[in-house]
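One letter stands for each residue in the lines below.
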Amino acid sequence: RHAVCIFYLVLRALDTIEDDMTISLDIKVPMLHEFHSYLYQPEWKYMESKEKDRQVLEDFPTISSEFRNLSKVYQDVISDICHKMGVGMAEFLEKKVDSQHEWDKYCHYVAGLVGIGLSRLFSASELEDPIVGQDTELANSMGLFLQKTNIIRDYLEDQLEGREFWPREVWSRYAKKLSDLARPENIDMAVKCLNELITNALHHVPDVLMYLSRLKNQSVFNFCAIPQVMAIATLAACYNNKQVFRGVVKIRKGQAVTLMMDATNIQAVKAIMYQYVEEIYQKIPSTDPSSNKTQQIIASIRAMSLPSGPMASRHHYSPIYLSCAMLLAALSWQYLSTVSKAAEEFVQTGEN
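Residues numbered from 1 in each chain as written. Predicted model: local features only at pLDDT ≥ 70, side-chain atom pairs only at ≥ 80, totals over all residues. Heavy atoms only, no water.

For the protein chain, the name recorded in an unreviewed UniProt entry is Squalene synthase, with Casuarius casuarius as its organism. The UniProt entry for the protein chain carries the following text under Sequence similarities (unreviewed entry): "Belongs to the phytoene/squalene synthase family." Entered under Cofactor (unreviewed entry) in the UniProt record, the comment concerning the protein chain runs "Mg(2+)". (UniProt positions renumbered as here; feature names shortened; annotations may be inferred.)

Here you go:
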């Protein structure tokens with residue numbers, strides 16, 4: 001728990017430097033490259049950030065002190081991931097995401113590495129088997145699925161803030177400029193582009209299911225599974241949906257709470273994945289240029305998600321669990337908003 005918490009705070013600080021547009025590149029690039037070394041410099045801090053999360057940089061000595069109190073096996077994982085991520089962030093500071101390969105590469109730097117780092121922490125703690133931390137391909141897919149979902153959903157928000165993360169290789173087939181997809185007269189082409197990117201993201205789901213099937217610890221499973229089911233629900237809401245180009249598409253708060261309560265074992269997660277890919281399948285337009293590819297990946301996910309035993313549901317939970325579920329559902333709207341926001345931050349692995 002402490003290692004994961006410090007891992008988050010360290011990456012939060014690194015991300016704050018990357019996001020701060022007031023830091024000149026000649027200062028920012030070396031900082032990103034060297035940031036992992038600041039973990040071992042007790043006095044290092046940065047007081048000139050204008051970002052909302054600048055406290056993690058101003059109070060960095062507190063974070064680095066706790067980091068150095070961690071077991072060396074945890075320190076090594078966090079420092080290594082921090083180093084690789086800093087280098088990757090610096091690479092994309094002045095480079096736009098062009099090809100689909102570069103989209104995967106960018107998502108690897110900002111989210112796949114998080115999945116790899118967390119997986120190594122899980123194994124180092126001996127809560128999970130060594131294979132969980134060793135299989136970097138599956139761990140990378142966990143991060144890529146979340147990050148691509150975030151990028152797809154946040155098209156309009158990113159456009160308004162001058163950021164572009166959709167790969168040129170894809171959107172250039174539908175518009176001359178990425179911003180053109182937001183124009184009402186281009187909505188049909190925009191939705192086709194959207195559907196192609198969602199189809200791309202769905203190719204990570206088989207890896208996600210394989211990764212989750214290896215987890216043995218309940219807390220680790222919940223921690224990993226909840227953001228993944230939030231992501232598939234978000235993609236189902238976005239698929240073939242013009243609203244992505246007009247506003248924010250979000251899953252309902254009650255839906256988010258239900259997903260949190262249900263995603264407690266691999267069979268339940270498979271059932272959730274099956275449900276949402278079926279929802280996408282029912283919305284595939286026959287004229288969509290990606291329709292065949294979408295149907296193919298959904299067929300693969302279906303094959304992995306078919307029930308192999310009694311499907312876990314809340315009906316089989318103990319009375320105590322049901323009581324907790326009812327209590328959770330009865331909490332105030334403010335609390336539900338907080339829960340929903342926390343869930344979104346799981347999905348927004350890269351940018352948060």
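S.K.: Any chance you could break down the nonpolar core for me, citing the residues and the numbers?
M.R.: By size, the foremost hydrophobic cluster in this structure holds 109 residues, and its most contacted members are Phe-35, Trp-166, Leu-181, Leu-202, Tyr-211, Leu-212 and Phe-245. Of the residues forming this core, the biggest block, 13 residues, is contributed by helix α13 (residues 218-238). Per-domain counts for this core show at least three residues from each of domain 1 (1-94) and domain 2 (96-308). The residues contacting Phe-35, other than those within four sequence positions of it, are Val-10, Ala-13, Leu-14, Ile-17, Trp-44, Leu-57, Phe-60 and Cys-82. (Core = buried A, V, L, I, M, F, W, Y, C linked by side-chain atoms within 4.5 Å. Buried < 20%, exposed > 50% of the residue type's maximum accessible area, 1.4 Å probe, protein only. Helix = DSSP H or I, 4+ residues; strand = E, 2+ residues; numbered from the N terminus. Domains from an automatic or database assignment. Contact = heavy atoms within 4.5 Å.)

S.K.: Account for the environment of Tyr-155, with residues named and values stated.
M.R.: For Tyr-155, the position within the fold is in helix α9 (residues 155-160). Along the backbone, Tyr-155 and Ala-182 are 27 residues apart, and their C-alpha atoms lie at a distance of 9.0 Å. Residues contacting Tyr-155, with those up to four places away along its chain left out, are Trp-166, Leu-178, Ser-179, Leu-181, Ala-182, Val-244 and Phe-245. At a separation of 3.3 Å, a polar atom in the side chain of Tyr-155 contacts the main-chain amide nitrogen of Ala-182. (Polar contact = N/O pair within 3.5 Å; in protein donor to acceptor, adjacent residues only side chain to side chain.)

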